[in-house]
Amino acid sequence: MASHLSYGRVNLNILREAARKELREFLDKCAGSKAIVWDEYLTGPFGLIAQYSLLKEHEVEKMFTLKSGRLPSADVKNIIFFVRPRLELMDIIAENVFSEDKMHLSRDFHILFVPRRSMLCEQRLKELGVLGSFINIDEYILDLIPYDGDLLSMEYESAFRECYLENDQTSLYHTAKGLMTLQALYGTIPQIYGKGECARHVANMMLRMKREFAGSQNQILPVFDTLLLLDRNVDLLTPLATQLTYEGLIDEIYGITNGYVKLPPEKFAQKKQGEASKDLPTEPKKLQLNSAEELYAEIRDKNFNAVGAALSKKAKIISAAFEERHNAKTVGEIKQFVSQLPHMQAARSSLANHTSIAELIKDITTSEAFFDNLTVEQEFMTGVDTDKVNTYIEDCIAQKDPLIKILRLVCMQSVCNNGLKQKVLDHYKREILQTYGYEHMLTLNNLEKAGLLKPQMSSRNNYPTIRKTLKLWMEDANEQNPNDISYVYSGYAPLSIRLTQVLARPGWRSIEEVLKMLPGPHFEERQQLPAGLHKKRQQGENRTTLVFFLGGVSYAEIAALRFLSQMEDSGMEYIIATTKLLNGTTWIKSLMDRPESQAP
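Treat the numbers as computed from the prediction; the structure is a model and nothing was measured. (Residues numbered from 1 in each chain as written. Predicted model: local features only at pLDDT ≥ 70, side-chain atom pairs only at ≥ 80, totals over all residues. Heavy atoms only, no water.)

**Focus: the pairing of strand E11 (residues 260-263)**
- Because side chains alternate across E11, one face comprises the buried residues Val261 and Leu263, and the other comprises Tyr260 and Lys262, none of which is buried.
- By the bridge criterion, two bridges tie strand E10 (residues 256-257) to E11 in an arrangement that is antiparallel. Counted as the bridge partner of Thr257 is Tyr260 from E11.
- Two successive antiparallel strands, E10 and E11, enclose a turn made up of two residues, where Asn258 displays a positive phi of approximately 50°.
- Bridge analysis of E11 against strand E12 (residues 285-288) gives four bridges, and the strand direction is antiparallel. Paired with Leu263 across the bridge in E12 is Lys285. (Buried < 20%, exposed > 50% of the residue type's maximum accessible area, 1.4 Å probe, protein only. Helix = DSSP H or I, 4+ residues; strand = E, 2+ residues; numbered from the N terminus. Pairing = 2+ DSSP bridges.)

Here is the structure:
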């Protein structure tokens with residue numbers, strides 16, 4: 001049992017258990033000893049569903065990473081390939097199979113496609129002459145993966161790029177399928193709201209799938225009251241801004257992948273008295289980050305400026321708990337103290353880890369470079385000088401700062417100005433290409449196509465109107481004891497979360513004009529519930545809304561939604577789902593084209 005998945009209003013362990021059951025059933029189809037060959041990208045997401053112990057129970061003896069050439073030797077009857085449906089992976093699998101055949105080893109081969117089987121891939125295996133070698137070709141539908149008690153992600157890396165650059169709606173189909181799986185487990189969601197083209201597509205596909213399964217109505221009392229589908233391109237600004245929550249900054253600086261972060265090891269070395277420090281560890285320190293850790297659950301969504309005080313308060317509580325041992329006189333009291341020791345020691349080690357992480361982050365956030373960057377971001381968000389070339393950006397280009405930093409700022413200026421004047425845009429493009437290389441022409445092109453960096457088409461800039469109407473900028477945001485979601489960016493309230501907040505109360509009708517200024521349609525759909533499944537709401541009982549971000553969501557936005565869930569008078573609890581957990585850097589990276597990496 002993953003306890004951190006079942007603490008919230010919605011027990012996400014049910015989803016995890018359903019995924020584990022399917023995995024066990026597939027493994028049992030392949031009787032005898034097994035080796036799994038992993039597509040490396042899948043190991044992280046699978047780790048959240050099933051640990052090695054579960055695989056071992058089903059006779060998995062060896063695990064390898066999918067690489068070209070021959071497979072490492074393993075004395076097993078079955079070899080199972082766990083792969084995404086990608087053509088380039090089929091070529092590697094064919095190589096592996098041929099090398100086994102040459103050794104005259106009689107092995108049974110199986111393929112498990114995640115999340116869907118693909119005719120194209122099977123065709124490629126056929127062309128390569130190995131399709132007949134596979135006994136089982138199956139699919140494992142891993143659409144939504146539970147990351148925490150209120151968070152689901154598909155970890156579909158290229159979803160935004162596919163939707164907005166390649167006009168490929170595969171990820172939207174997977175999203176609709178994932179939502180149908182969710183409804184099969186948690187009941188039909190009676191109300192669907194959405195904003196954006198992709199949201200409209202997903203809602204249409206869901207309604208169509210529901211009609212196709214009309215006969216098999218599920219008799220489950222609905223857990224969710226509302227589903228809100230939001231396109232990422234409705235709010236392009238938020239992921240570009242530097243996140244200022246604890247979890248957001250860990251992701252900005254070190255990157256959180258599948259719930260884990262890798263940190264510089266020297267901060268975590270246990271130095272003993274009198275020992276030389278030459279034997280410092282060289283391997284990065286890998287930590288798991290989720291709400292199973294009490295302290296992390298408490299501080300992750302705080303603005304970083306409030307984390308220091310929370311950590312010192314915790315330190316006082318822990319040392320007071322350890323001091324209790326001097327007061328334990330009777331055997332009973334000593335016994336009670338000893339029984340609490342494991343929990344106290346875990347709390348102490350958790351505190352030490354997070355104090356070290358906070359120190360690492362503080363070194364960066366107190367630097368001049370960080371402050372200068374943040375100042376420019378906040379000027380753009382408040383509409384200061386967004387229509388002319390920014391001298392800070394010019395200086396950064398002249399110093400050859402990382403290209404992604406430059407692109408984030410230029411895109412931010414473009415979004416806050418509803419596009420840049422042609423002269424300003426051309427100037428930036430010329431500076432970037434001359435400094436970083438002309439191969440980035442394709443990247444600039446992609447950013448333009450995605451609407452992030454574009455010429456100003458009309459002289460009217462809607463952003464100031466949107467900012468004022470939705471109160472996207474709050475002066476004097478309270479970082480220590482927040483009273484508004486704007487604390488997650490120290491003043492800027494994420495547009496996506498404001499839309500969610502207004503939908504709950506007073507409703508989108510009150511902001512009809514602003515919604516028209518944002519891209520894509522907005523809509524509302526109702527799904528009929530089978531008789532007798534209408535919820536009788538208790539006095540004071542909260543409603544539950546599933547907010548699905550199509551194209552990705554940042555940790556600061558998640559923190560803002562958690563803040564809304566905890567507000568006394570909100571009457572609403574939010575569960576968050578997304579195609580991908582992202583930050584500005586990973587997002588821009590997914591839109592970059594590197595011809596050098598694509599050269600034959």
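**Notes on empty space enclosed by the protein**
- Scanning all chains against the criterion turns up two cavities of 30 Å³ or more.
- Quantified by volume, the largest cavity comes out at close to 120 Å³.
- Along the walls of the largest cavity sit 14 residues, with Tyr147, Asp148, Leu151, Gly259 and Leu289 positioned nearest its centre.
- Of all the secondary-structure elements, those providing two or more residues to the lining of the largest cavity are strand E6 (145-148) and helix H21 (555-566). (1 Å grid on protein atoms, 1.4 Å probe; cavity = no way out; pocket = protein on both sides within 12 Å on 5 of 7 lines; lining within 4 Å. Points joined across faces, edges and corners; volume = space filled by probe spheres on them.)

**Regarding the sheet that holds strand E3 (residues 78-83)**
- Reading across the sheet, the five strands line up as E2-E1-E3-E4-E5 and stay open at both edges, with parallel pairing between neighbours. What marks the edges here is a single partner per strand, and that holds for strand E2 (60-65) and strand E5 (134-139). Averaged over all neighbouring strand pairs, the angle between strand axes comes to 20°, with direction disregarded.
- The pairing of strand E1 (residues 34-38) with E3 spans five bridges and is parallel. Directly across from Ala35, in E3, lies its bridge partner Ile79.
- This element, helix H2 (residues 40-47), spans E1, E2 and E3 of the sheet and lies at about 110° to E1.
- Set on the sheet, helix H4 (residues 87-102) makes contact with E1, E3, strand E4 (108-113) and E5; between it and E3 the angle comes to about 170°. (Axes fitted to C-alpha atoms, helices over the stretch in contact; angles between N-to-C directions. Contact = heavy atoms within 4.5 Å.)

**Points about the nonpolar core**
- In this structure, Leu229, Leu452 and Leu499 are the most contacted members of the largest nonpolar core, which totals 167 residues.
- In this structure, Leu499 is in contact with Leu230, Val234, Leu470, Trp508, Ile511, Leu515 and Leu518, ignoring residues within four places of it in sequence.
- Within the second largest apolar cluster, 24 residues are counted, among which are Leu66, Met90, Phe113 and Ile137. (Core = buried A, V, L, I, M, F, W, Y, C linked by side-chain atoms within 4.5 Å.)

**Quick look at the side chain of Asp143**
- Mapping Asp143 onto the fold places it in the loop between E5 and E6.
- A polar contact of 3.0 Å, which involves the side chain of Asp143, links it to the side chain of Arg116.
- Ignoring anything within four residues of it in the chain, the contact list for Asp143 reads Pro115, Arg116, Ser153, Met154, His174, Lys177 and Gly178. (Polar contact = N/O pair within 3.5 Å; in protein donor to acceptor, adjacent residues only side chain to side chain.)

**What to know about the environment of Cys121**
- By the element assignment, Cys121 lies in helix H5 (residues 119-127).
- With a relative accessible area of 1%, Cys121 lands in the buried category.
- Taking the C-alpha atoms as reference points, Cys121 and Met90, 31 residues apart in sequence, are found 6.5 Å from one another.
- Setting aside residues up to four positions removed in sequence, Cys121 forms contacts with Pro85, Arg86, Leu87, Met90 and Phe113.

**As for helix H14 (residues 391-398)**
- Buried within H14 are the following residues: Tyr392, Ile393, Cys396 and Ile397. End-on, the buried residues of H14 take up no more than an arc of 140°, which puts them together on one face. Facing away from the buried side of H14, by more than 90 degrees, are the exposed residues Thr391 and Ala398.
- Of the surrounding secondary structure, the elements contacted by the buried residues of H14 are helix H13 (368-381), helix H15 (403-416) and helix H16 (422-436).
- Looking at where H14 begins, the residue whose side-chain oxygen comes 2.9 Å from the main-chain nitrogen of Tyr392 is Asn390.
- Within two residues after H14, Lys400 carries a phi angle of roughly 55°, on the positive side. (Arc of directions from axis to C-beta.)

**Description of the domain arrangement of the protein**
- Here the domain parsing of the protein yields domain 1 (3-142), domain 2 (246-272 + 280-365) and domain 3 (369-460).
- Domain 2 and domain 3 are separated by 39 Å when their C-alpha centres are compared. (Domains from an automatic or database assignment.)

**A short note on the packing of H15 against H16**
- Running from N to C, H15 and H16 point in directions that differ by 175°, and their axes come no closer than 12 Å. Regarding the angle of H15 to H16, the classification is roughly antiparallel. Of H16, the residues touching H15 (which contributes Leu403, Ile406, Leu407, Val410 and Gln413) are Tyr428, Ile432 and Tyr436. (Parallel < 35°, antiparallel > 145°, perpendicular 65-115°, else oblique.)

**Observations concerning a negative patch on the surface**
- A cluster of acidic residues, Asp28, Glu59, Glu61 and Asp75, forms a negative patch on the protein surface.
- Secondary-structure assignment places Asp28 in helix H1 (residues 13-29).
- Asp28 gets classed as partly exposed once you look at its relative accessible area, which sits at 48%. (Patch = residues over 30% accessible without salt bridge, like charges linked within 9 Å, V, L, I, M, F, W, Y side chains within 5 Å. Areas by Shrake-Rupley, 256 points an atom, 1.4 Å probe, with all protein chains shown as cover. Salt bridge = Lys/Arg side-chain N within 4 Å of Asp/Glu carboxyl O. Lys, Arg positive; Asp, Glu negative; His and termini not counted. Charge placed at Lys NZ, Arg CZ, Asp CG, Glu CD.)

**Some details on the environment of Lys302**
- As for its position among the elements, Lys302 is in the loop between helix H10 (294-299) and helix H11 (307-323).
- What makes Lys302 partly exposed here is its relative accessible area of 27%.

**Details of the state of the cysteines**
- On inspection of all chains with the given rule, the structure shows zero disulfides.
- Cys121 takes part in no disulfide bond, and the closest cysteine sulfur, belonging to Cys30, lies 19 Å away.
- Looking at Cys198, it has no disulfide partner, and the nearest cysteine sulfur is the one in Cys163, 4.1 Å off.
- We classify Cys198 as buried; its relative accessible area is 6%. (Disulfide = S-S within 2.5 Å.)

**As for the sheet that holds strand E9 (residues 226-231)**
- Strand order in this open sheet of seven strands is E6-E7-E15-E14-E9-E8-E13, and the pairing throughout is mixed. Two strands close off the open sheet at either side, each with one partner strand: E6 and strand E13 (522-526). Neighbour-to-neighbour, the strand axes of this sheet turn through a mean angle of 20°, independent of strand direction.
- Judged from the seven bridges that link them, strand E14 (residues 543-550) and strand E15 (residues 572-578) form a sheet pairing that is parallel. Each residue of the ladder has a partner; that of Phe549, found in E15, is Thr578.
- Each of E6, strand E7 (151-153), E14 and E15 touches H21; the most contacted strand, E15, lies at about 160° to it.

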